[in-house]
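Listed below, chain by chain, are the residues.
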Amino acid sequence: MIKTDILIIGAGPTGLFAVFEAGLLQLKCHLIDALPQPGGQCAEIYPKKPIYDIPGFPEVLAGDLVDNLMEQIKPFQPGFTLGERAETIEKLEDGSFVVTTNKGTKHHAPIVAIAGGLGSFEPRKPQLENLAKYEDNGVAYMIKEPEIYRGKKVLIAGGGDSALDWSIFLTDVAEEVTLVHRRNEFRGALDSVEKVQQLKNEGKINLITPAEVVALKGENKLEKVTVKNTETSEEIDVEVDNFIPLFGLSPKLGPIANWGLEIEKNAIKVDNTYDYQTNIPGIYAIGDVNTYPGKLKLILCGFHEATLMCQSAYQKIFPDKKYVMKYTTVGGVTGFDGSKKEAPKAVVKAID
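K.L.:
Can you help me understand the overall build of the chain in this one?
P.N.:
If you tally the helices and strands in the chain, you get seven helices and 27 strands. Of all 352 residues assigned to the chain, the portion counted as buried reaches 46%. Long-range pairs, those at least 24 residues apart, make up 57% of the contacts in the chain between residues at least 6 apart in sequence. Working note: accessible area of the chain is about 17200 Å², and carbon and sulfur atoms make up 49% of it.

The following block contains the structure:
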């Protein structure tokens with residue numbers, strides 16, 4: 001059985017940053033993730049997607065953010081159970097928990113932090129008659145490696161941040177970029193909407209609204225898509241090499257939904273007045289997997305939640321100790337093996 005101080009379910013950015021915050025308090029972490037590598041969606045779905053709202057980084061690729069987080073937590077030597085899904089949880093008499101994966105691996109910890117992002121997920125697919133024919137043959141539901149679109153004619157459908165961001169990004173890669181959305185208004189960040197409009201005016205993006213893709217055409221591979229104006233019903237064929245519908249993901253909590261946690265709209269309700277604890281003492285939910293009044297599904301918000309969660313976890317694990325965390329700007333990080341790394345560390349005063 002694997003034993004640790006904090007068992008983190010989900011090895012995305014929020015879960016990884018929790019390792020760092022726990023390490024500052026000399027708490028050991030172990031992470032479980034169904035994916036074969038750390039990083040969550042940032043590593044699996046869009047490693048080359050630029051992210052703009054990480055403090056101190058005007059722009060950072062999602063995959064690079066994961067690499068930086070892994071480097072940041074290296075001194076604290078976290079354990080990983082990858083390629084396995086957290087399946088069941090048992091609360092012991094002493095208040096600690098045993099979490100067992102779908103492959104039978106057991107983990108024991110006094111604290112469980114669920115950082116599962118959107119949970120298990122699959123892309124939302126458009127309702128097109130012959131869609132399956134072109135999957136992996138011109139149709140893709142996510143962009144992992146933008147270079148495969150270099151010199152290609154790409155049509156993206158969607159009205160959210162992903163559709164806007166990738167349309168902007170691919171103007172420097174693809175021969176031609178077309179963005180189709182069923183409404184004239186977009187759901188994404190205003191800055192991205194304005195950038196798309198600017199690129200349209202410069203002739204770098206073909207913007208077709210209000211419209212939707214209604215048919216796919218091609219013999220052995222995708223060659224054209226039929227786009228229908230949702231107001232006039234006029235249809236046109238657009239020559240493409242690739243069609244990328246970015247309609248978001250259908251998230252599912254999976255087995256976690258059966259753990260007795262309070263669930264609201266496929267997310268775990270938490271107490272955001274203090275520490276993001278669930279209705280079960282000792283189990284926390286941080287990042288996109290949780291919900292509370294005013295919740296924003298942003299990575300930086302997950303970082304904040306992870307920080308407060310670790311403070312609360314320390315008090316639960318060491319109820320007889322009082323401490324004051326002052327700042328994280330002196331000295332160096334001391335790893336669990338006694339090694340010293342010149343980097344910020346927390347100044348923690350613990351009183352027995």
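K.L.:
Can you walk me through the pattern of salt bridges in this structure?
P.N.:
Between side chains of opposite charge, a pair can form when the charged atoms approach closely. This structure, assessed with the given rule, holds 11 salt bridges. Among the ionic pairs, Glu-87 bridges to Arg-85, the shortest N-O distance being 2.8 Å. In this structure Glu-87 comes out as partly exposed when scored by relative accessible area, which is 27%. Between Lys-217 and Asp-237 there is a salt bridge, and its shortest N-O distance comes to 2.9 Å.

K.L.:
What should I look at first to understand the nonpolar core in this one?
P.N.:
The nonpolar side chains of soluble globular proteins are, as a tendency, buried together. Counting 56 residues, the largest nonpolar core has Ile-6, Ile-8 and Ile-114 as its most contacted members. When residues of this core are traced back to their parent elements, those giving at least two are β2 (6–9), α1 (13–24), β3 (29–33), α3 (62–73), β8 (97–101), β10 (111–114), β22 (283–285) and α7 (299–317). Excluding anything up to four places from it in sequence, Ile-6 contacts Ala-22, Leu-27, Lys-28, Cys-29, His-30, Ala-109, Ile-111, Ala-113, Cys-310 and Ala-313.

K.L.:
Sorry if this is basic, but what is going on with the packing of α1 against α7 here?
P.N.:
Each pair of packed helices gets described by two things: the angle between the helix axes and the distance between those axes. One can describe the packing of α1 onto α7 by two numbers: an axis separation of 8 Å at closest approach and a directional angle of 35 degrees. As α1 packs across α7, the resulting crossing turns out to be right-handed. Between α1, through Pro-13, Thr-14, Phe-17, Ala-18, Glu-21 and Ala-22, and α7, the contact on the second element is made entirely by Ile-299, Gly-302, Phe-303, Ala-306, Thr-307, Met-309 and Cys-310. Looking at the contact of α1 with α7, its residues break down into nine nonpolar, three polar and one charged.

K.L.:
Honestly, the packing of α1 against α3 in this entry has me stumped. Any pointers?
P.N.:
Between α1 and α3, the shortest axis-to-axis distance is 9 Å and the interhelical angle comes to 20 degrees. On the basis of their axis angle, the class for α1 and α3 is roughly parallel. Here α1 runs over α3; the crossing is left-handed. Each of Pro-13, Leu-16, Phe-17, Val-19 and Phe-20 in α1 lies in contact with α3, whose residues at this interface are Val-66, Leu-69, Met-70, Gln-72 and Ile-73.

K.L.:
Mind showing me how you'd approach the environment of Lys-152 here?
P.N.:
Checked against the element boundaries, Lys-152 lands in the loop between α4 (131–134) and β12 (153–157). Measuring from C-alpha to C-alpha, the distance between Lys-152 and Val-173 comes to 8.2 Å, with 21 residues separating the pair along the chain. Aside from chain neighbours lying at most four places away, what touches Lys-152 is Ala-174, Glu-175, Glu-176, Asp-241 and Asn-242.

K.L.:
Is there a simple way to explain the environment of Tyr-149 in this structure?
P.N.:
Examined against the element boundaries, Tyr-149 turns out to sit in the loop between α4 and β12. By relative accessible area, which is 3% here, Tyr-149 ends up buried. Between the alpha carbons of Tyr-149 and Leu-170 there is a distance of 7.9 Å; along the sequence they are 21 residues apart. Look past the residues within four positions of Tyr-149 in its chain and what remains in contact with it is Ala-140, Met-142, Ile-143, Val-154, Leu-170, Val-173, Ala-174, Asn-242 and Ile-244.

K.L.:
How do you make sense of a positive patch on the surface when you look at a structure like this?
P.N.:
The grouping of Arg-124, Arg-182, Arg-183 and Arg-187 at the surface amounts to a positive patch. Relative to the elements of secondary structure, Arg-124 occurs in the loop between β11 (120–123) and α4. The class for Arg-124 is partly exposed, based on a relative accessible area of 39%.

K.L.:
Mind showing me how you'd approach the pairing of β3 here?
P.N.:
Regular strands place their side chains on alternate faces of the sheet. Taking burial as the measure, the five residues of β3 include five buried ones, the bulk of the element. Along β3, one buried face is formed by Cys-29, Leu-31 and Asp-33 and the opposite face, lined by His-30 and Ile-32, is buried too. Pairing geometry for β2 and β3, over four bridges, is parallel. Note on β3: the bridge partner recorded for Leu-7 is His-30. Of the crossover connections in this fold, the one passing from β2 over α1 to the parallel β3 is right-handed. The pairing of β3 with strand β6 (residues 79–82) spans four bridges and is parallel. Bridge pairing links His-30 to Gly-79 in β6.

Thresholds, definitions, all that
- Residues numbered from 1 in each chain as written.
- Predicted model: local features only at pLDDT ≥ 70, side-chain atom pairs only at ≥ 80, totals over all residues.
- Heavy atoms only, no water.
- Helix = DSSP H or I, 4+ residues; strand = E, 2+ residues; numbered from the N terminus.
- Buried < 20%, exposed > 50% of the residue type's maximum accessible area, 1.4 Å probe, protein only.
- Contact = heavy atoms within 4.5 Å.
- Areas by Shrake-Rupley, 256 points an atom, 1.4 Å probe, with all protein chains shown as cover.
- Salt bridge = Lys/Arg side-chain N within 4 Å of Asp/Glu carboxyl O.
- Core = buried A, V, L, I, M, F, W, Y, C linked by side-chain atoms within 4.5 Å.
- Axes fitted to C-alpha atoms, helices over the stretch in contact; angles between N-to-C directions.
- Left-handed = near helix turned anticlockwise from the far one by under 90°.
- Nonpolar A, V, L, I, M, F, W, Y, C, P; charged D, E, K, R; others polar.
- Parallel < 35°, antiparallel > 145°, perpendicular 65-115°, else oblique.
- Patch = residues over 30% accessible without salt bridge, like charges linked within 9 Å, V, L, I, M, F, W, Y side chains within 5 Å.
- Lys, Arg positive; Asp, Glu negative; His and termini not counted.
- Charge placed at Lys NZ, Arg CZ, Asp CG, Glu CD.
- Pairing = 2+ DSSP bridges.
- Right-handed = clockwise from strand over helix to strand, strands pointing away.

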